Amino acid sequence: MTEAAANIGVVGLAVMGSNLARNLASREGNTVAIFNRTYAKTEELLTEHPEAGFVPARDYAEFAASLQKPRTAIIMVKAGGPTDAVIEDLISVFEPGDIIVDGGNALFTDTIRREKRVRETGINFVGMGVSGGEEGALNGPSLMPGGSDESWTTLGPILRSIAAIAEGEPCVTHVGHDGAGHFVKMVHNGIEYADMQLIAEAYDLIRRGTGKSPAEIADIFAAWNEGELQSYLIEITAEVLRQTDAPTGRPLVDVILDQAGAKGTGGWTVQTAIDLGVPVSGIAEAVFARSLSSHPEQRAVSQNLPGPRGEIAVDDADAFVEQVRLALYASKIVAYSQGFDEIRAGAAQYDWSIDLGKVASIWRGGCIIRAQFLNRITEAYDEQATLPVLLTAPYFVDALERAQSAWREIVRVAATSGIPSPAFSSSLSYYDGLRADRLPAALIQGQRDFFGAHTYKRVDRDGTFHTQWSGDRTEIEAVDTH
Ligand SMILES: NC(=O)c1ccc[n+]([C@@H]2O[C@H](COP(=O)([O-])OP(=O)(O)OC[C@H]3O[C@@H](n4cnc5c(N)ncnc54)[C@H](OP(=O)(O)O)[C@@H]3O)[C@@H](O)[C@H]2O)c1
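Residues numbered from 1 in each chain as written. Predicted model: local features only at pLDDT ≥ 70, side-chain atom pairs only at ≥ 80, totals over all residues. Heavy atoms only, no water.

Asks: Which residues make up the site of the ligand, and what values do they have?
Replies: Within the structure, the ligand sits among 20 residues, and Met16, Asn36, Thr38, Lys41 and Val130 are positioned closest to it. At 3.3 Å, a backbone N or O of leucine 13 approaches an oxygen atom of the ligand. For the ligand, the accessible surface in isolation is 900 Å², of which the surrounding protein chains cover 78%. Secondary-structure elements contributing two or more residues to the shell around the ligand are helix 1 (15-25) and helix 4 (81-93). Residues belonging to the shell around the ligand are distributed by class as follows: ten nonpolar, six polar and four charged. (Near = heavy atom within 4 Å. Polar contact = N/O pair within 3.5 Å; in protein donor to acceptor, adjacent residues only side chain to side chain. Areas by Shrake-Rupley, 256 points an atom, 1.4 Å probe, with all protein chains shown as cover. Helix = DSSP H or I, 4+ residues; strand = E, 2+ residues; numbered from the N terminus. Nonpolar A, V, L, I, M, F, W, Y, C, P; charged D, E, K, R; others polar.)

This is how it looks when you write it as structure tokens:
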């Protein structure tokens, strides 16, 4: 019988699991049990990293026996069916009070379902968002665990020991119960889509507007990275734009096929936002922009459609670049504000208590959207935890004020020149929609009442009303059928 030597275990030793296991093993006080369905992978990890002192297991019984109680295991296997299979296998060898953590990219509704199932056995289940990819898993990810308070007591110190550190603080917090961690990770990915799309649009506008080369634009992004736009995504954008393709000598960005892929979390964020009734237009435009790019057959037959050909006459290149920077920052504020709205709505819907400022602070390190800017979001929620719209916080109002004319000018230039800028323009429209005193939604209510007797409210008195459109067109009081 194996001695219970390990305080934490990892199941699934592909790139994410093995890196996370090595990260855990490198921290003071941790002994890590490892298990993989195919034992050869376990042996490989043992051979390559003898320094880690891993405790290997050939089957689930041996794995359970190697763990101290309460047993704690992090699953890092293929999301979906494989995760369900591993959970059932762990249930068969674990005991009440033990903790099963799913660190894969699960859909939060699956996590809610799994938490319910595992709870019936007396075992704790924690769905945990892990951000930062392979590099983050090895050196310090941003971690978003959900699950029960009881499991957090055991898990907290372990997770704090392996998380990325930002300004002295580990990038991990107990996000909320059951699916809250995976929900927050999902929205994180959605925001990442929007941020990347905005950066791509900024690059495209500068290139077409000023004729600068990718290497010159790399310098612009590197300079932006010294200011309020400082972020990992801006930093790597400069790196990608500076890269030359060795075989052709051309900028790498010019030889990469312009069809963007996606693994689905952006789409989940949008689908969930639709269910919650939250407009995340920046994220949606980013998801759809990738879809549009990936339909070459449609793009091929559409190339000769009428319209300007994407040429901009810019007199002052430096001034134009600065306008693009301001438009990018303003649009980015909108995208993050929308993302945090979705988290707030999700928390209300699923009864999670989520500290939005804390969420922003654990994204400052380890993850793809890490940025200085997140400190401003934490400050905004520290100031007013119930802030209904993030972009109305004073710091952001100031930034939006500074960006006004540039933002509108860039969207105008893009439209009149025929340059697609879905994220820039939709964020400006969203912003103007929020600001509007009256929206044409009143007309939509009238139309709905006309064809479907859906009724409407009035601005001047309480109650619900219907106009008898097919009769004498008088108004009657009606039952609310919204
Ligand atoms: N947060 C991030 O940045 C990030 C990045 C990448 C991945 N992920 C997530 O992290 C998880 C692991 O990703 P990965 O790329 O390291 O691995 P992966 O390719 O998604 O999965 C491979 C692992 O799953 C195991 N597996 C597959 N089917 C199984 C089954 N039916 N029963 C038991 N084990 C099974 C494999 O075992 P065998 O060796 O026996 O085949 C292997 O250990 C995934 O959920 C992925 O979505 C997150």
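Asks: Outline the UniProt feature "binding site: substrate" (unreviewed entry) in the chain, listing residues and values.
Replies: Residues given the UniProt feature "binding site: substrate" (unreviewed entry) here are Asn105, Ser131, Gly132, Gly133, His188, Asn189, Tyr193, Lys263, Arg290, Arg448 and His454. Maximum C-alpha separation among the annotated residues is 48.1 Å over a sequence range of 350 residues, too wide for a single clustered spot. In this fold, asparagine 189 is placed in helix 8 (residues 180-210). Mapped onto the secondary structure, lysine 263 falls in the loop between helix 11 (252-255) and helix 12 (265-276). Exposure remark for lysine 263: the relative accessible area of 85% places this residue in the exposed category. (UniProt positions renumbered as here; feature names shortened; annotations may be inferred. Buried < 20%, exposed > 50% of the residue type's maximum accessible area, 1.4 Å probe, protein only.)

Asks: An account of the packing of aromatic side chains is needed here, citing residue identities and associated values.
Replies: Counting across every chain of the model gives 16 aromatic pairs. Aromatic side chains phenylalanine 35 and tyrosine 60 sit 4.4 Å apart centroid to centroid with 50 degrees between the ring planes, which places their arrangement in the tilted category. Placement of the pair is phenylalanine 35 in strand 2 (residues 32-35) and tyrosine 60 in helix 3 (residues 60-65), with a sequence separation of 25 residues. On the accessibility criterion, tyrosine 60 (15% relative accessible area) is buried. In this structure an aromatic cluster arises from ring pairing among Tyr329, Tyr336, Phe373, Tyr395 and Phe396. Over the aromatic face of phenylalanine 373 sits the side chain of lysine 332, whose NZ or CZ is 5.1 Å from the ring centroid. When the ring centre of tyrosine 232 is taken as origin, the NZ or CZ atom of arginine 370, which lies over that ring, is 4.0 Å away. (Phe/Tyr/Trp six-rings, centres within 6.5 Å; stacked < 30°, edge-to-face > 60°. Lys NZ or Arg CZ within 6 Å of the ring centre and 35° of its normal.)

Asks: Outline the sheet that holds strand 5 (residues 99-102), supporting the account with residue identities and numerical values.
Replies: Hydrogen bonds between backbone groups are what pair the strands of a sheet, and the pairing can be parallel or antiparallel. Overall, mixed pairing links the seven strands, which are arranged 3-2-1-4-5-6-7 in an open sheet. Since the sheet does not close on itself, it has two edges, and those belong to strand 3 (55-56) and strand 7 (142-145), each with one partner. Pairing analysis gives four bridges linking strand 1 (residues 8-11) to strand 2, with the strands arranged parallel. For glycine 9, the partnering residue across the bridge sits in strand 2 and is alanine 33. Its contacts with the sheet place helix 2 (residues 39-48) against strand 2 and strand 3, and it is angled at close to 145 degrees to strand 2. (Pairing = 2+ DSSP bridges. Contact = heavy atoms within 4.5 Å. Axes fitted to C-alpha atoms, helices over the stretch in contact; angles between N-to-C directions.)

Asks: Go over the nonpolar core, please, and point to the residues and values.
Replies: Counting 92 residues, the largest nonpolar core has Phe221, Trp224, Phe340, Ile343, Ile354, Trp363 and Ile377 as the members making the most contacts within it. Per-element tally for this core: the top contributor is helix 15 (residues 317-350), with 15 residues. Residues from two domains meet in this core; each of domain 1 (8-174) and domain 2 (185-435) gives at least three. Setting aside residues no more than four positions away along its own chain, tryptophan 224 makes contact with Ala202, Ile206, Leu229, Gln230, Ile234, Val321, Val324, Arg325 and Leu328. Counting 28 residues, the second-largest nonpolar core is a separate cluster that includes Phe54, Val130, Leu159 and Ile162. (Core = buried A, V, L, I, M, F, W, Y, C linked by side-chain atoms within 4.5 Å. Domains from an automatic or database assignment.)

Asks: I'd like a rundown of the domain arrangement of the chain, residues and numbers included.
Replies: If you check the domain split of the chain, you get domain 1 (8-174), domain 2 (185-435) and domain 3 (440-477). Averaged C-alpha coordinates put domain 1 and domain 3 at centres separated by 56 Å.

Asks: With reference to specific residues and values, describe the packing of helix 8 against helix 10 (residues 232-242).
Replies: Packing of helix 8 against helix 10 leaves a shortest axis separation of 11 Å and a crossing angle of 45 degrees. Judged by the inter-axis angle, helix 8 sits oblique to helix 10. Seen from above, helix 8 lies across helix 10 with right-handed handedness. Contacts between helix 8 and helix 10 pair Glu192, Asp195, Met196, Ile199 and Tyr203 from the former with Leu233, Ile234, Thr237 and Leu241 from the latter. (Parallel < 35°, antiparallel > 145°, perpendicular 65-115°, else oblique. Left-handed = near helix turned anticlockwise from the far one by under 90°.)

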